[in-house]
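The primary structure of each chain is shown beneath.
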Amino acid sequence: MSAPLPHPAPRPPIAAPLWLLAELTYRCPLHCAFCYNPINYANERAELSTAQWIDVMRQARKLGAAQLGFSGGEPLVRDDLEELVGEGRRLGFYTNLITSGIGLTETRLARLKELGLDHIQLSFQDSTKEMNDFLSSTKTFDLKSRVARLIKQYDYPMVLNVVLHRYNLDHVGRIIDMALEMGVDYLELANTQYYGWGLANRAHLMPTREQVVRAEEVVNQYRARIGNKVRILFVVPDYFEERPKACMNGWGSVFLGIAPDGTALPCHAARSLPGIAFPNVLDYSVHDIWYASGAFNRYRGDAWMKSPCRDCPEKSKDFGGCRCQAYALTGDAANADPVCAKSPRHAEVQAIVMQAQHAQNSHPAVAQPQAKPILFRTDANSR
Ligand code: FES
C-alpha cells in the first residue's frame, strides 16, 4: 500500500460509507442500449481477484458500510460470486444481487440462498418479448421469466426493475400486470438516466412529456386499485423536473462504488469526469480513499459550489444535483446541474425535451432520419 493520500480533511466531519457497491465485472451477456456502464468498458478488462474483493469488503465493513451490492455488467459471470456473497454475509453485510437473471440457474440460486444472500433485484426490459429482446439485443425474455419464477420459489422478496424510456413508457400498465402475475413485491419503474450508453442513445430514448404524464397516471391508478400488494416506485426522468435529484445523496456521502479493476468511485458514472484521479484499492486503503482522497473530497460539502448553488437555500437538500450530469451537459462538473430551473443552462435541457416532442415515436429499429442508429452496448461499439 502507498502512503496515505495527501489531502486536507474537509469540514464538516465525514460520515462512514453506508453502501458498498461491488461492480464485479463489465462483462455482460446483454447489450442494453441504456446501460450506465462506461462507453469504453471494453478497454477496462482488468478485474479484482476473489481475495482482493474480499479484502475490500472487510475494509469497507470495518469502516461501517452495512449494505453490499453485487452488480456489473452481470455479476453472475463471475464464478466466485457465491464465495463473495458468503463472505459478505459472514462480515455482517446486508447483501443484494443486481442481475439480469442470465446465468441464475437453480443450482446457483439454491447455493446463494444457503449462503444467506438477502435480496435479488431482477431486471426486465419490457413486458413484451419483442421489445425486451430488441432492447437487450438478446433472446432473453423467456429465460428471465423462468428466473423470476425461481426467485419466487426460493422465497425471495421479488424486486423487479424495469428501465423506462420512449419505447416502453406506453406499456407501463402491461408491465404492472406482468409484475402482478409474477407475484412481485416491489416494482421499480425508473426512467432512463442519461449516462454512459443511455446518454449516447438519448435521442432515441427520451420520451415525450405526454408519455411521462400518462404513465404516471396509470401508475397512480394501479396504486389506488391494488394498494400495498405491489409497492411501485416511479421515477420521473429528471430532464422533466424543475429541481435536480440529490444524486447519490451527495458526493462521498453514503455510496462507495468499486469498479471491476478496483477503481473507487463516488457514483456509477464518475469515470466520465475528466481531471480527477480516482484512487484504486490496489494502491490505497479503503479508509484513506474514503476520508482522504482528492477524488472523494472533490465535491463534498458546499465549498466547491459556484453560483447559483452557492447561495441557494436548497443546496443542503439537492447538493446542486448530479456532478456527472452537470459535466455531460455543461462541460463543468462544478456547475449547477442544468435540470435545475435556477441554472443559467436550464434552457438547454428544455431544448432537449422539446426535440423529443417532435421526434417520431416509431420502433427503435426504424432509425429516424435525423438520429444516428441506436447504439447497443457491445465490444465493437465500445470506444
Ligand atoms: Fe455521478 Fe450523479 S451520477 S454525481
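Reference entry: report on the structure contained in this document. (Residues numbered from 1 in each chain as written. Predicted model: local features only at pLDDT ≥ 70, side-chain atom pairs only at ≥ 80, totals over all residues. Heavy atoms only, no water.)

A short note on the state of the cysteines
Enumeration according to the criterion identifies zero disulfides in this entry. In this structure Cys-340 is a free cysteine whose sulfur lies 6.3 Å from that of Cys-312, the closest cysteine sulfur available. For Cys-340, a relative accessible area of 9% translates into the label buried. (Disulfide = S-S within 2.5 Å. Buried < 20%, exposed > 50% of the residue type's maximum accessible area, 1.4 Å probe, protein only.)

Quick notes on the sheet that holds strand S2 (residues 67–71)
Strand order in the open sheet formed by nine strands is S7-S6-S5-S4-S3-S2-S1-S8-S9, with mixed pairing between adjacent strands. In the strand order of this sheet, the two ends are held by strand S7 (231–235) and strand S9 (264–265), each with one partner. Note: S2 against strand S3 (residues 94–99), four bridges, orientation parallel. Directly across from Phe-70, in S3, lies its bridge partner Leu-97. (Pairing = 2+ DSSP bridges. Helix = DSSP H or I, 4+ residues; strand = E, 2+ residues; numbered from the N terminus.)

Topic: the packing of helix H6 (residues 172–182) against helix H9 (residues 209–226)
Here H6 crosses H9 at 35°, and the two axes come no closer than 9 Å. The residues of H9 that touch H6, namely those facing Val-172, Gly-173, Ile-176, Asp-177 and Leu-180, are Ala-215, Val-218, Val-219, Tyr-222 and Ile-226. Residue composition of the contact of H6 with H9, grouped by class: eight nonpolar, one polar and one charged. (Axes fitted to C-alpha atoms, helices over the stretch in contact; angles between N-to-C directions. Contact = heavy atoms within 4.5 Å. Nonpolar A, V, L, I, M, F, W, Y, C, P; charged D, E, K, R; others polar.)

Here we look at the nonpolar core
By size, the foremost hydrophobic cluster in this structure holds 117 residues, and its most contacted members are Leu-20, Phe-70, Leu-160, Leu-187, Leu-189 and Tyr-239. The contacts of Leu-20, once residues within four sequence positions are left out, are Val-56, Met-57, Ala-60, Ala-65, Gln-67, Leu-68, Gly-69, Phe-93, Leu-256 and Ile-258. (Core = buried A, V, L, I, M, F, W, Y, C linked by side-chain atoms within 4.5 Å.)

What about helix H14 (residues 346–358)?
Compared with the 18 Å implied by 1.5 Å per residue over 13 residues, the 19 Å span of H14 between its first and last C-alpha is a close match. On its buried side, H14 packs onto helix H8 (202–205), H9 and helix H13 (323–330). (Expected span 1.5 Å × (residues − 1).)

Comments concerning the environment of Lys-245
On the secondary structure map, Lys-245 appears in the loop between S7 and strand S8 (255–258). Classification of Lys-245 by relative accessible area gives partly exposed; the value is 22%. On a C-alpha basis, the gap between Lys-245 and Cys-322 in space is 6.9 Å, while along the polypeptide they are 77 residues apart. Ignoring anything within four residues of it in the chain, the contact list for Lys-245 reads Gln-193, Tyr-195, Asp-238, Asp-318, Gly-321, Cys-322 and Gln-325. In terms of polar contacts, Lys-245 uses its side chain to reach the side chain of Asp-238, at 2.7 Å. (Polar contact = N/O pair within 3.5 Å; in protein donor to acceptor, adjacent residues only side chain to side chain.)

What about the packing of aromatic side chains?
The full count for this structure, using the stated rule, is seven aromatic pairs. Measuring from ring centre to ring centre gives 5.6 Å for Trp-290 and Phe-296, while their planes differ by 55°; the resulting arrangement is tilted. On the basis of relative accessibility, which here comes to 0%, the residue Phe-296 falls in the buried class. For Arg-225, the ring lying beneath its charged end belongs to Tyr-222, and the centroid distance is 4.8 Å. (Phe/Tyr/Trp six-rings, centres within 6.5 Å; stacked < 30°, edge-to-face > 60°. Lys NZ or Arg CZ within 6 Å of the ring centre and 35° of its normal.)

Focus: the pairing of S8
Every second residue of S8 is oriented toward a common face, with Phe-255 and Gly-257 on one face and Leu-256 and Ile-258 on the other, all of them buried. Relative to S8, strand S1 (residues 19–23) runs parallel, the two sharing four bridges. Within S8, the residue paired with Leu-20 across the bridge is Leu-256. The antiparallel hairpin formed by S8 and S9 contains five residues in its connecting segment, where Gly-262 sits at a positive phi of about 100°.

Observations concerning the environment of Ala-110
Along the chain, Ala-110 turns up in helix H3 (residues 106–115). By relative accessible area, Ala-110 is classed as partly exposed at 26%. As a C-alpha pair, Ala-110 and Ile-289 span 179 residues in sequence and 36 Å in three-dimensional space.

On their own, these measurements won't tell you what the molecule is for.
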